[in-house]
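Secondary and tertiary structure notes
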Amino acid sequence: MTQPLREELGEVVKSPKDSRNFRAIRLQNGLSVLCVQIPNSKKASAALAVRAGHFNDPLETQGLAHFLEHMLFLGNSQYPDPNEFPEFLSAYGGQQNAWTGSEFCNFFFDCQTRALSRALDYFSAMFTAPLFDEALIRKERQSIESEFRLKEKDELRRLYQVHKSTCNPEHPFSKFSVGNLDTLVENNSQTLQEQLREFFETYFNADNMRLTIVGAQSVDDLAQLAEQHFAKLPSGKANNPQQLEALPLYLPTQMGVYIQVKPVNPARRLIITLPLPGIDDDYNNKTTSFIAHILGYEGPYSLYAALRAQGWVNSLSAGGGMSGSGYKDFNINIQLTEDGVNNAFQVAQTVFNYIRKIKNEGLETWRYEEKRLTSELSFHFQESPPAGELAPQLSVNAHHYPIHDVVYGDYRMDGLSIQRAKSTLDLMAPERARITLIHCDVDTDRQTELYHTPYSIRALSADELAILKAARLPIDIRLPAQNPYITDHMEPYPLERKANEPNAVINKNGITIWHFQDPDFRVPKGHIYLNLESPTVNQSATHFAVARLWSELLIDSLNEALYDAEVAGLHFNIYPTQSGMTIHTMGLSAGQLPLLKQLMKQAWKIKFQRNRFTAVAQQLQQNWQSAHKNQPLNRLFAELNLTLQPRLFALHDMAEGLGDLNYKAFSQMSSELFKSMTVSALIHGDWRAKTALELHQLISESAEGRLTAQPPQLSPTRLGQGEVRKQTVAQTTDDNATLVYFQGDNDSPEQQITWMLAQQLLNAGLFDELRTQRQLGYVVGSQYFPVRRLPGFMVFIQSPTHEPDQLHQQILSVLAEKVAQLDDLLTLQRWKHAKHTLAEQLTVNDRSLRTRSQRFWGAIQMGETHFERNHEMNQALEQLQLSDWLNEIRRLIIEQPRQIVLLSCQQ
């Protein structure tokens, strides 16, 4: 009797609203496979998660797992050319990527559904017989070094290294995860190639992997594809995490400590880290999530509200932090004000008092039930991510959860374990805490070997512990009351009529309202976009800075009153744009009009507290002054936007303008922001047309007497034919960056299609030549870059080794070479294929209510209110001939370019 090739692993729990189909199987070689059908999806994806990461690096070759991740993309015995797979994916509208973490690495790709079988053939070959070519090992070591250098000033990496330097040196967390030229070397007995092969053969086996395949095909067809392409993977031994669980992440002397860290950019942060045991066994109860929910609550009389009222904090979050086999860092992350820095121990004392209050009074079943119900609602109405995000997410989940909970596991809350909650809260004590203050003026006496971060660490003194353990709450703090917004209503409003696009139900007296009751996403949810089009908002950099500060303060002032609504699934955002100010509400539809009413009511009459003005203004200035400070390429992107986009302002100009304002001047300017405006709005979800009329009445009453402005004209900067603008942009890091941008002649569908095809057909070759072959930098790429529908295309490099002018010449040289090669390489068959691939991208279905709302709102803001732009582009694509496109691309890129060249320079 022959053994079956597949073993069924059981049903996957899914929401009643979930149209996806799931099948979980195990192949004969031991590989667990999750097959996911998304009906009618034009995109497919696959991901392979391996239980092996930098924890498994040899001590003498740290960064080996990360290096192996890179090398697996660089050829195998079946497909030795490293460019073949990425070029195939690019031709089918897809891409590949991977990441390496502490205990897992994850490889994934996406492409058009029709290409899935061939893509899986390429993908599976990566994990059977990689070449580990010596020449490519030498080149890729340089890429790893460039990646390391790129992040040397990254604040998170620098803080992470302090964490590694102050934990148990015997724990694998202390290892260097990225690797560089100093660590990726031969050891006494093995070459680097031999070490790569040994790591691969030890961990890359079917029993140690989880595969997810997502596509429009039936789950049975996907299972057949898995067997066809992955049955050849060898069986082996699963990596056992239990040996890690017995090893403490921190020694006793590394808890009950005070750590001070000096950042590169101005910062005021307090992180209270509370070491806990691992939480994987508690996923079905989520005890730490429940505790984090109470600690991070931001409603009236909350921990955050009380500390904010003292003028000590700008934000507070709870529950984040590292998690792995046998350990969990429960972090309380606090953004301090300057006064908060001076009272950091009082802030921490308040936190520990509140933790004791939760233990004594907060472990009540109704509190847990509220959290459980909101989690169930999120599960019930979840919006499926795109295939390219779903596959890698589920492949890792399959390592963490039983297969039936691979989707539900993130949401599942079976009940409150009082005993587990109390024992967890007992561990959240000052004598076990790691309290980290991040500020430019702290005292430091040592420096990390990697990333060179100045820091200090010492035991908390007896007096400090006494302060932290003092059983008193100096300010009025209460546990959350019952949430009045939580509902178990799960049905959408009845569908009035079936329509394909929004309709302008109101267009008069300075108000235009578009309404669309969605016939496809039948859930009780929706989005309301409201744009207050005001010329004053964009009058100057100072006015725009005032508008941004006004929006931040409005959100800040409403946070307490509306936090319960946020918890219950009603969300809002307020932000300035090129045309004025946008208010966006989203989530459960039943409460959105009352929410918007409260927002509009507050907007015109609110008077902000002087201390909040000072704290939020300081935070904004600090953010703007440090933005892009150590990221030269991001600075070039920002400069390009400023050059092309109307009514945008440089961050340093906004920071300067804000710095010159006192509270009185701000109050005066903010009161004038909306004296004259027009209003455009979109209401999209399950609402009927009468709700749009109610929205009109609300706007009319709220904005009475202000609806007098004309909508702004927003035209991007246009370059002349053959015009080349060259500009240097100051930066403070050792890395150099260059960006070359090409602009289209006009914003016609024909020009958009021309440049989209250019990106599709040139991208893979440019990346390979500039990064892999010429080793010019780690961050290399090209991108289709439209500005208010005017198409463009850019190529960029950030490099630690080459001067900006050299990078510029290399970009032009490689572009000319690749454009010239199109004549020979671009056959009629490949041309037809490229057009077909782009046509599929233009006709892709909206995957969620949110993405459809974004598409409609974007079209309304661009004035494309016939909502047929993609159809027009598809028609232009059908008519485009190969010879005409080749001639046009040569003209636009080589012969008569409209070009902007941005070069970084030392400040």
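Read on for an overview of the structure. Position numbers for residues count from 1 along each chain, tracking the sequence in the order it is written. For a predicted model such as this one, the threshold for reporting local features is a pLDDT of at least 70, and the threshold for listing and counting side-chain atom pairs is 80 or more; totals across whole chains, interfaces and linings nevertheless cover every residue. Where side-chain values are given, they derive from all heavy atoms of the structure, hydrogens and water being excluded.

Secondary structure elements follow DSSP: runs of H or I of four or more residues count as helices, runs of E of two or more count as strands, with numbering from the N terminus. What a helix is expected to span follows from its residue count: subtract one and scale by 1.5 Å. For helix α24 (residues 749-773), built from 25 residues, the straight-helix expectation of 36 Å at 1.5 Å per residue is met to within 8% by its first-to-last C-alpha distance of 35 Å. Taking the largest bend as the criterion, α24 deviates by roughly 45°, centred on Leu-762. Trailing α24 by a residue or two, Gln-775 shows a phi angle of about 50°, which is positive. A residue's bend is the angle separating two fitted axes: one through the seven residues that end there, the other through the seven that start there.

This part takes up the sheet that holds strand β23 (residues 736-743). If DSSP finds at least two bridges between two strands, the strands pair. On the basis of which strands lie adjacent, the open sheet formed by five strands has the order β22-β26-β23-β25-β24 and mixed pairing. In this open sheet, the two strands that pair with only one neighbour each are β22 (724-731) and β24 (779-784). Between one strand and the next, the sheet's axes are offset by a mean angle of 15°, whatever the strand orientation. The pairing of β23 with strand β25 (residues 792-799) spans eight bridges and is antiparallel. Paired with Thr-738 across the strands is Ile-797, a residue of β25. Each of β23, β24 and β25 is contacted by α24, which is oriented at about 170° to β24, the strand it contacts most. Axis lines are fitted to C-alpha atoms, over the contacting stretch for helices. Their N-to-C directions set the angle, which ranges from 0 to 180 degrees. It only takes one pair of heavy atoms within 4.5 Å for two residues to be counted as in contact.

This paragraph deals with the pattern of salt bridges. Just to be clear on terms, a salt bridge is a Lys or Arg side-chain nitrogen sitting within 4 Å of an Asp or Glu carboxyl oxygen. For the coordinates displayed, the defined rule picks out 43 salt bridges. A salt bridge links Asp-110 to Lys-43, with the shortest nitrogen-to-oxygen separation between them at 3.4 Å. Here Lys-43 lies in strand β4 (residues 43-50) and Asp-110 lies in strand β6 (residues 105-112), a separation of 67 residues in the sequence. Buried residues are those whose accessible area, probed at 1.4 Å on protein chains only, stays under 20% of the maximum for their type, while exposed residues exceed 50% and partly exposed ones sit between those limits. With relative accessibility at 12%, the residue Asp-110 sits in the buried group. On the accessibility criterion, Lys-43 (25% relative accessible area) is partly exposed. Close ionic contact of Arg-149 with Glu-152 constitutes a salt bridge, the shortest N to O distance being 2.9 Å. In this structure Arg-149 comes out as partly exposed when scored by relative accessible area, which is 34%.

With respect to burial, β25 is a largely interior element, eight of its eight residues being buried. Residue alternation in β25 divides its side chains into two sets, Gly-792, Met-794, Phe-796 and Gln-798 and Phe-793, Val-795, Ile-797 and Ser-799, and both sets are buried. Sheet topology places β24 next to β25; six bridges connect them, and they run antiparallel. Pairing of Gln-783 across the sheet is with Met-794, part of β25.

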